Amino acid sequence: MKTIRRFIYREVATGVGFVTLAFLALFFFFDLVDELRSVGKGYELMHALLYVALSLPQHLYELLPITVLIGTIFVMARLAQTSEFTIMRTSGLGPWRALSTLLILGGAFVVLTFVIGDYIAPVSEKAAQLVKARRLGQISTGVTGAWLKERQGDHSFAVNVRAISTDGQMRNVRIFEFDKNGYAAATTQAEKGVFHPNNETWSLSNVKRSVFHREANGEMRVERTVDPEYDWKTRITSSMVAAAVLKPDKMSTLELFQYIRHLEANGQSAQRYELEFWRKVFYPLSCLVMVVLSLPFAYLHFRSGGIAGYVFGGVMAGISFFLLNNVFGFAGNLQNWSPMLSAAAPGIIYSLLSLAAFGWLVLRR
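Residues numbered from 1 in each chain as written. Predicted model: local features only at pLDDT ≥ 70, side-chain atom pairs only at ≥ 80, totals over all residues. Heavy atoms only, no water.

### Here's the deal with the packing of aromatic side chains
The geometry of an aromatic ring pair comes down to the distance between the two centres and the angle between the two planes. A complete count under the given rule lists 12 aromatic pairs for this structure. Summarising the aromatic geometry, the rings of Phe 29 and Phe 30 are spaced 5.9 Å apart at their centres and angled 55° between planes, so their arrangement reads as tilted. (Phe/Tyr/Trp six-rings, centres within 6.5 Å; stacked < 30°, edge-to-face > 60°.)

### A short note on the environment of Glu 191
Mapped onto the fold, Glu 191 is located in strand S5 (residues 184–195). The exposure class assigned to Glu 191 is partly exposed, which follows from its relative accessible area of 43%. Along the chain, Glu 191 and Leu 204 lie 13 residues apart, while their C-alpha atoms are 7.6 Å from each other. Contact partners of Glu 191, with chain neighbours within four places excluded, come to Met 170, Arg 171, Asn 172, Ser 205 and Asn 206. (Helix = DSSP H or I, 4+ residues; strand = E, 2+ residues; numbered from the N terminus. Buried < 20%, exposed > 50% of the residue type's maximum accessible area, 1.4 Å probe, protein only. Contact = heavy atoms within 4.5 Å.)

### Details of the packing of helix H6 (residues 253–265) against helix H7 (residues 271–282)
One can describe the packing of H6 onto H7 by two numbers: an axis separation of 9 Å at closest approach and a directional angle of 155°. Our classification of the angle between H6 and H7 gives roughly antiparallel. Regarding H6 and H7, the two cross each other, and that crossing is left-handed. Counted together, Thr 253, Leu 256, Phe 257, Tyr 259, Ile 260, Leu 263 and Glu 264 of H6 and Tyr 273, Glu 274, Glu 276, Phe 277, Lys 280 and Val 281 of H7 form the full contact between these two elements. Here the residues of the contact of H6 with H7 are counted per class, giving eight nonpolar, one polar and four charged. (Axes fitted to C-alpha atoms, helices over the stretch in contact; angles between N-to-C directions. Parallel < 35°, antiparallel > 145°, perpendicular 65-115°, else oblique. Left-handed = near helix turned anticlockwise from the far one by under 90°. Nonpolar A, V, L, I, M, F, W, Y, C, P; charged D, E, K, R; others polar.)

### Comments concerning unusual backbone geometry
A positive phi angle, near 50°, is found at Asn 172, a position not held by glycine. By the secondary structure assignment, Asn 172 is in strand S4 (residues 170–178). The backbone of Asn 206 sits at a positive phi, close to 55°, despite the residue not being glycine. Tracing the backbone shows Asn 206 in strand S6 (residues 201–214).

### Some details on the pairing of strand S3 (residues 155–164)
Of all 10 residues making up S3, seven are buried, and the element is well covered by its neighbours. Across seven bridges, strand S2 (residues 146–152) lies against S3 in antiparallel orientation. Across the sheet, residue Trp 147 finds its bridge partner in S3, namely Asn 160. The antiparallel hairpin formed by S2 and S3 contains two residues in its connecting segment, where Gly 153 sits at a positive phi of about 65°. Strand direction decides the pairing type here: S3 and S4, joined by eight bridges, are antiparallel. The partner of Val 161 across the bridge, within S4, is Val 173. (Pairing = 2+ DSSP bridges.)

### Examining the pattern of salt bridges
In total, this model carries three salt bridges according to the counting rule given. One salt bridge in this structure joins Glu 11 and Arg 78, with 2.5 Å as the shortest N-O distance. Taken together, the residues span a long stretch of sequence, with Glu 11 in helix H1 (residues 2–35) and Arg 78 in helix H2 (residues 45–81) at a distance of 67 residues. Among the salt bridges present, the one from Glu 150 reaches Arg 235, with a minimum N-O distance of 3.9 Å. Within this pair, whereas Glu 150 is found in strand S2, its partner Arg 235 is found in the loop between strand S7 (220–233) and helix H5 (238–245), the two being separated by 85 residues in sequence. Classification of Glu 150 as buried rests on a relative accessible area of 1%. (Salt bridge = Lys/Arg side-chain N within 4 Å of Asp/Glu carboxyl O.)

### Observations concerning the nonpolar core
Ranked by size, the top nonpolar core spans 49 residues in total, and within it Ile 8, Val 12, Val 68, Met 76, Phe 85 and Met 88 carry the most contacts. Excluding anything up to four places from it in sequence, Phe 85 contacts Leu 79, Ala 80, Leu 93, Ala 98, Ala 298 and Tyr 299. Counting 24 residues, the second largest nonpolar core, distinct from the first, contains Val 161, Trp 232, Ile 236 and Met 240. (Core = buried A, V, L, I, M, F, W, Y, C linked by side-chain atoms within 4.5 Å.)

### With respect to H2
Compared with an ideal rise of 1.5 Å per residue, which puts 37 residues at 54 Å, H2 spans 46 Å between its outermost C-alpha atoms and falls more than 12% short. A bend of about 50° at Leu 63 is the largest found in H2, and the proline Pro 65 appears one to four places after it. Of all 37 residues in H2, 27 are buried, a share of seventy percent or more. Positioned one or two residues after H2, Ser 83 has a phi angle of 65°, which is positive. (Expected span 1.5 Å × (residues − 1). Bend = angle between axes of the 7 residues up to and from the residue.)

Encoded structure:
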């Protein structure tokens, strides 16, 4: 039985690897063609190649579940066509043993997907953004940049960072301070800012501050100062600013969790980030759904031809899974559904469908 398992593992790993390389080559070509429009004026072909190469881990993370499905379906259908799987069944490879064998292999793909999505892809994506920013400008989001909120005692702060430079400095920082009654207490504008190593202070440069003092008679007095350096104590860390600048799907699970806690502590809506967090948690598990979905193809009875049609049907099933995943994500965000349920629902639905197909095709026939 160990020989059979090693054979299945080797065949599936080879099939999945081949399909993954083919998809990555396709995405590399499309991304390179898209980047060629920016080549020139300091952004050369080598920079475009480096940017596209650094973007590949993110594509690999997004593609792994569907390449696992395509590769596994192809292997299972080919084994059924050549009657090799029938020989394995007569050698003692029962339905539940075959399912457990594929689940173990799927667990390895789950771990691989999690490592790539949580450790490799976020780092490479940030490096890719820095490569492009060094040649084309600074990293920013939207027209006004990133906005964050923090509460310190009975005062609240609204913080705006227009952009982050290639060396990690914040550009055009604005801090709006409000008192317990919601009135403006002070404004701070800085040309640039850097994060203190202890992540509890921002060191701001070329600072203009306006402090509003309310007199007893109701009049307001404004005190304006200009300082070359100013240290602002805050719990907003560099990862939180990066989280506000980068898209949620480019962040790691830990960064999302920390940013969600920060938003909740300051009374801000975290629905979008909670949904992305749970999608990050459940997305690698979709590899298990894919291998379960592919197992019934090994029990189909055909001698010649038909593999292409079955593989195409499996691909359509995989694409429908990802479409349903996106639909639940958007609907959950719009309808304010439970983020965990919205992220887990597609996997649960397709797992039940896969097990139902397995039970009907394998156990009853």
